[in-house]
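Tertiary structure, described
Spelled out, the chains give:
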Amino acid sequence: MKKVKVIVLRTAGTNCDYETEYAFQLANADVELVHINQLISRQKKLVDYKILAIPGGFSYGDDIASGKILANEVRYRLLDSLEKFVGAGKLVIGICNGFQVLVNMRLLPGFDDKIDKTQYSTLSFNDSGKFEARWIYLKNTNKSKCPFVHYKTKVGMIYLPIAHGEGKFITKNNKILEKIKNNDQIVFKYVMPNGKEGSYPWNPNGSNLAIAGICNARGNVLGMMPHPERFLTKYNHPHWTRGNLPEEGDGFAIFRNAVSYASDAL
Amino acid sequence: MTNITRIDILNASNEKLLEISKNGLLSLNLDEMQVIQRYYKKLHRNPTDIELETIAQTWSEHCNHKSLKGIINYDGKIIDNLLKNTIIKVTKELNKKWCVSVFKDNAGIIKFDDKFNVVFKVETHNHPSAIEPYGGAGTGIGGVIRDVLGVGLGAKPILNTDIFCFASPDFSNNKVPEGVLHPKRIFKGVVSGVRDYGNRMGIPTANGAICFDDGYLCNPLVYCGTVGLIPKNKSFKKVKPGDLIIAIGGRTGRDGIHGATFSSAELVKNISASVVQIGNPIVEKKVTDVLLKARDENLYNAVTDCGAGGFSSAVGEMGLECGANVSLEKVTLKYKGLLPWEIWVSEAQERMVFSVPKNKLKRFEEICKEENVELTCIGKFTSDKKLKVQYKGKMLVDIDMKFLHDGVPRVRINATLKTPDFVEPIFEDSENLTASLHKVLSNYNIASKEWIIRQYDHEVQGGSILKPLQGVQNDGPGDACIVRPILSKWTGVIVANGVNPQYGKIDAYHMSASAIDEALRNITAVGGNINNTAILDNFCWGDPTKPEQMGDLVRASFACYDIAKVYQTPFISGKDSLNNEYFNTELNKRVSIPPTLLISAICVMKDVRKAVSMDVKSAGNLIYIVGTTYNELGGSRYYESKGFIGNNVPVVRPEMGKKIMSNLHEAITGGFVRACHDCSEGGLAVALSEMAFAGGLGMKIYLKKVPVNNVSRNDTILFSEANSRFIVEVSPTHQKDFERTMKNISLAIIGKVTRDKKLEVFGINNKKVISADIYALKESWQKPLRW
């Protein structure tokens, strides 16, 4: 069977490309690291892929605001092909800086399957005022629409690392926030070990509604601050030396679901 | 502007020669100026300003280590090249097959597996960090990363390690001398600088340490280290005559002029900020991306970083064996107005220099364009063995490579052994040592560094196996970090360090020995094998022309030889930063930092799944102490908490140490160990506390069971910092296996892990001397640096 083709988009300052590529390879996909210049010059074409991943890092140094420059570059130079890609129901995942790019280029929350007319949400500075790396508990609160967390393996409560300075999810107003919630677009919430929402450090950045990840209205675009590609085997878990963990890391199901879905449905 | 400026040295008197050196910020001494004078007398001409600059950069202490390589008179005994007689000697004698390249290239290289090698380099960036902490620390990281990019044909950076030395963050503000920044400001600036550069580069910062001592008030130390992964067949380089000299990355500006010579001299107030470089991590990340791509397409024959001395050093070094011809007007500049010599020695950041065959240039340019990186051809490698530099057709430099690289006269230095004059304090042992334990845990040197660690991304690249923070709540202090650079393989790299300037105040020999022991203990504690471990030395010292400073340096180097020889751990790379001194206006005298030797250790671990962490795992498990406890409280944190230094500094007994570490490695690999932690600062008491609160469990401990040598006090057993000791948690089912593996080694079961959350310690006479809630202990340990 032909492997699912995945494009991992790179630019100056991208730095989680290697492990994101590896995560998809582990899920049996055919992965290519592609620099945005290669897309702009049409050396490579989005249409040839079924999954687009925008990995973590500091694209263009996060100058102006995190993810802003890459977002604008995509929006102004690749809008057509991107809208077609998303319109065809193909999958997009943005992790950390990739999530910041997705909200800044208005693919998220993506109320009408296309690029939003105005920017409804952003990821702002952590309440703690600094960059922080730590492991956090996440709960999948999405009812059904996001294949990344439902197709084949239903993702429940998971443990993943975060590493960011600007991860506080905020919306333009409360109505937007309500709409995201009512539309079943919240995918991940930061929780305490008991599954309930908590304050810092359980909610590491002060996100509204403890949101860690959202999808678009259709469910095929996912953005999340935590790093699933950093927890693929149990030996990434901070407590693996204490024993009693499944071999597979919590983050892997997200990649496997995506590749299975793309293979079956696209 | 293109006029050639010549400096008249042919007819200069000795006084005049020194004046030329001083006015030109050349940091050259009279001997050196005279050698230069003789060389130009033979050429029948005067040097140009830029020729003098080139020689000064190449001969600077920073680039040349002339003190360690000099001829030393050590209380009448002549040591011809200290480095060659100690550190390099032991590596040669050990002759390890897995050492691929040592003391030659930009970093040391050892074998990783059948396809890859790993490289490791640690640098200091002290002077810039004193003046501009954020920029200084950032460019420190940037610089050592470029060292790794420039080793062989270029390695991929996989790990950063950072060690800092500052004065106490609560140092009295009105006692800070003129021209010096407050230590807390330096601390915060340095951490931010490392964070912003390292995180943006996408390299995990997973190991480090901080020492606090008021001796670093005027001269903070910033050590930055980087580990890289390099394909075996890319580990060596060779410039070919006829290759183009290609510079890529950042443009050249007026930042970082005289960095190399500046860092080789003592700090004074009112230094021009132009000596500090300005960093941009994203440019360096782009350069990295280009370099790795071009390397894998075989587009160049050699590469090196543009570090101290700028193009002058980079091109000079690369063209050493063949010759080079550079046209400075081709260099792309940040802004107009730079004089030719400024272009030549500028230490503007994020630049790499390549030796590229003509027929590969086109493809190289394509890659650069794809990644938005600037590329400039600035000249050609030749075969005339000369360094020639022109500007718009005028020849500004025309000197022999041989003179430039081998012409530096040997330094003659006097060294003397200084005997310490501390006494062992006399005070009563206390019946209750709980308060003492809390106090020691709150010592800045021991306290949790979580505030800093969390600001570094230690998980990027996805290979994190053992993290800097461990235990049930991810907040216990790990001994060493482990990363797995190739995600499809289980081979990993362990990195650890050892440093303790406190011991150096008593004896530099034992400080060095203890630093090696500590670094190797840390490697062993997580499951590493010291037979697979290489070490790096980084000396930070005061003025080497002061005989007692040099005497300490000699003693420290002897220790490096003696201890590494027995442990069989070769040195693969090292660096020295001397002249860490400052004229303190408050004290009205020149002050030097405490002599400081950082030992960094790197171990290739065949299977990272054998690793253990330091947090205790289950109630009912046995707690062992491995190694003998001696009456060695000299320089301990316990004495410090009582206002003493003492004299019984911990010594290393390397034959026993080697046996302990080798067998412990076997026990861990055999799966008989649930947790392991080394005893270092704060001794047994601190190690037990950390293991208990990291594991969220209590312990009952009996001091009368601890194997001791000439110790009869509870506080000595608890707080002695004797070397080569470990606390090990073993499940009762593995008691026999463990003891069999550790045969003929001094060890004992000293207690058990308990379900209640209390650390209870019973003294020699069986009376309780410590009883503390583990969370209270943790609070004392976390509070001081929880900002």
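As a convention, each chain's residues are numbered from 1 in the sequence order in which they are written. Think of it this way: whatever chain is written first is A, whatever ligand is written first is 1, and the rest follow in order. Reporting in this predicted model follows two pLDDT cut-offs: at least 70 for local features of residues, and 80 or more for side-chain atom pairs to be given and counted; totals over whole chains, interfaces and linings ignore these cut-offs and use all residues.

1. Some remarks on the packing of helix 12 (residues 281–296) of chain B against helix 15 (residues 361–370) of chain B
Residues and elements named next belong to chain B. Let me state the cut-off plainly: Lines are fitted to the C-alpha atoms to define the axes, a helix being fitted only along its stretch in contact, and any angle between axes, read from their N-to-C directions, falls within 0 to 180 degrees. Here a strand is any run of E in DSSP of at least two residues, a helix any run of H or I of at least four, and the numbering for each starts at the N terminus. Any angle from 65 to 115 degrees is called roughly perpendicular, while one under 35 is roughly parallel, one over 145 is roughly antiparallel, and all others are oblique. By the definition used in this description, the sense in which the near helix is turned from the far one sets the handedness, with an anticlockwise turn below a right angle giving left-handed and a clockwise turn giving right-handed. Working definition of a contact: two residues with C-beta atoms, positioned from the backbone, lying within 7 Å. For this scheme, ten residues count as nonpolar: Ala, Val, Leu, Ile, Met, Phe, Trp, Tyr, Cys and Pro. Four count as charged, namely Asp, Glu, Lys and Arg, and the remainder, Gly too, count as polar.
Packing of helix 12 against helix 15 brings their axes to within 10 Å, and their N-to-C directions diverge by 150°. Taken as axis vectors, helix 12 and helix 15 run roughly antiparallel relative to one another. Viewed along their axes, helix 12 and helix 15 form a crossing whose handedness is right-handed. Between helix 12, through Val290, Lys293 and Ala294, and helix 15, the contact on the second element is made entirely by Phe364, Ile367 and Cys368. Each residue belonging to the contact of helix 12 with helix 15 can be placed in one class, and the counts come to 5 nonpolar, no polar and 1 charged.

2. Considerations on the packing of helix 1 (residues 17–26) of chain A against helix 8 (residues 252–265) of chain A
Residues and elements named next belong to chain A. Orientation of helix 1 relative to helix 8, taken along the N-to-C sense of each, is 60°, at an axis distance of 8 Å. With respect to their mutual orientation, helix 1 and helix 8 come out oblique. Where helix 1 crosses over helix 8, the two elements pack in a sense that is right-handed. Contact residues: helix 1 offers Ala23, Phe24 and Leu26, while helix 8 offers Phe252, Phe255 and Val259.

3. Quick word on the interface of chain B and chain A
Quoted interface sizes are often the accessible area lost when the parts come together. Of the residues lining the interface, 32 residues belong to chain B; the matching set on chain A comes to 31 residues. Going through the elements one at a time, helix 10 (183–201), helix 12 and strand 17 (464–466) of chain B are the ones with two or more residues in the side of chain B that touches chain A. Its residues assigned to classes, the side of chain B that touches chain A shows 9 nonpolar, 11 polar and 12 charged.

4. Observations concerning unusual backbone geometry
To keep it simple, the criterion reads: Residue burial here comes from a neighbour count, namely the number of other C-beta atoms, placed from the backbone, that lie within 10 Å of the residue's own C-beta, with 20 or more meaning buried, 12 or fewer meaning exposed, and in between meaning partly exposed.
Omega for the bond connecting Leu108(A) with Pro109(A) falls within 30 degrees of zero, at 0°, which places this linkage in the cis form. Locating Pro109(A) in the fold gives a position in the loop between helix 5 (97–104) and strand 5 (121–124). Unlike most non-glycine residues, Cys96(A) shows phi in positive territory, near 55°. Within the fold, Cys96(A) resides in the loop between strand 4 (91–95) and helix 5. On the basis of neighbour count, Cys96(A) is assigned to the buried category, with 31 C-beta atoms found within 10 Å. A positive phi angle, close to 45°, is found at Asn95(B), a residue other than glycine. Turning to its location among the elements, Asn95(B) is positioned in the loop between helix 7 (87–94) and strand 3 (99–101). The class of Asn95(B) is exposed, set by 8 C-beta atoms lying within 10 Å.

5. Quick notes on the pairing of strand 33 (residues 747–754) of chain B
Residue and element names in this part refer to chain B. To be explicit about the condition: Here a strand pair is declared whenever DSSP counts at least two bridges between the two strands.
Where strand 27 (residues 622–626) and strand 33 come together, 5 bridges link them in antiparallel fashion. Along strand 33, the bridge assignment pairs tyrosine 624 with isoleucine 749. Here strand 30 (residues 698–702) pairs with strand 33 via 4 bridges, running antiparallel. Note that in strand 33 the partner of isoleucine 701 across the bridge is glycine 751.

6. Section: the sheet that holds strand 6 (residues 132–140) of chain A
Residue and element names in this part refer to chain A. Read from one edge of the open sheet, 9 strands run 2-1-3-4-11-10-9-6-7, paired in mixed fashion. Strands at the two margins of the open sheet, each flanked by one partner only, are strand 2 (30–35) and strand 7 (157–164). Adjacent strand axes in the sheet meet at a mean angle of 25°, parallel and antiparallel pairs treated alike. Sheet topology places strand 9 (residues 186–191) next to strand 10 (residues 211–215); 3 bridges connect them, and they run antiparallel. Bridging from a neighbouring strand, lysine 189 pairs with isoleucine 211 of strand 10.

7. A look at helix 1 (residues 14–23) of chain B
Residues and elements named next belong to chain B. Operational definition: Working note: the arc is built from the helix axis to C-beta atom directions.
Residues of helix 1 that are buried: Leu17, Ile20 and Ser21. With its buried residues spanning 95° around the axis, helix 1 presents them on a single face. For helix 1, the exposed residues lying more than 90 degrees away from the buried face are Glu15, Lys22 and Asn23. Packed against the buried residues of helix 1 are helix 2 (30–43). A positive phi of about 50° marks leucine 25, the residue just after helix 1.

8. Some points on the confidence of the model for chain B
Close inspection of predicted coordinates is inappropriate in any region flagged by low pLDDT. Note the threshold: Note: pLDDT gives the predictor's confidence per residue, expressed from 0 to 100.
For chain B, the average pLDDT comes to 94, and 97% of its residues sit at 70 or higher. Among the prediction metrics, the complex's ipTM stands at 0.95, with pTM recorded as 0.96.

9. Comments concerning the environment of Asp147(B)
Residue and element names in this part refer to chain B. Following the sequence through the fold, aspartate 147 ends up in helix 9 (residues 133–149). Aspartate 147 gets classed as buried once you count the C-beta atoms within 10 Å, which come to 27. Measuring from C-alpha to C-alpha, the distance between aspartate 147 and lysine 121 comes to 7.3 Å, with 26 residues separating the pair along the chain. With near-sequence residues (within four places) excluded, aspartate 147 lies in contact with Asn106, Ala107, Lys121, Glu123, Thr226 and Asp305.

10. Things to note about the environment of Asn207(B)
Residues and elements named next belong to chain B. With respect to the helices, strands and loops of the structure, asparagine 207 is situated in strand 7 (residues 205–212). Overall, asparagine 207 belongs to the buried group, with 29 C-beta atoms counted inside 10 Å. Distance from asparagine 207 to tyrosine 503, taken between C-alpha atoms, is 22 Å for residues 296 residues apart in sequence. Those residues within four positions of asparagine 207 in sequence are excluded, and the remaining contacts are Thr161, Pro468, Ala480, Cys481, Val495, Ala496 and Asn497.

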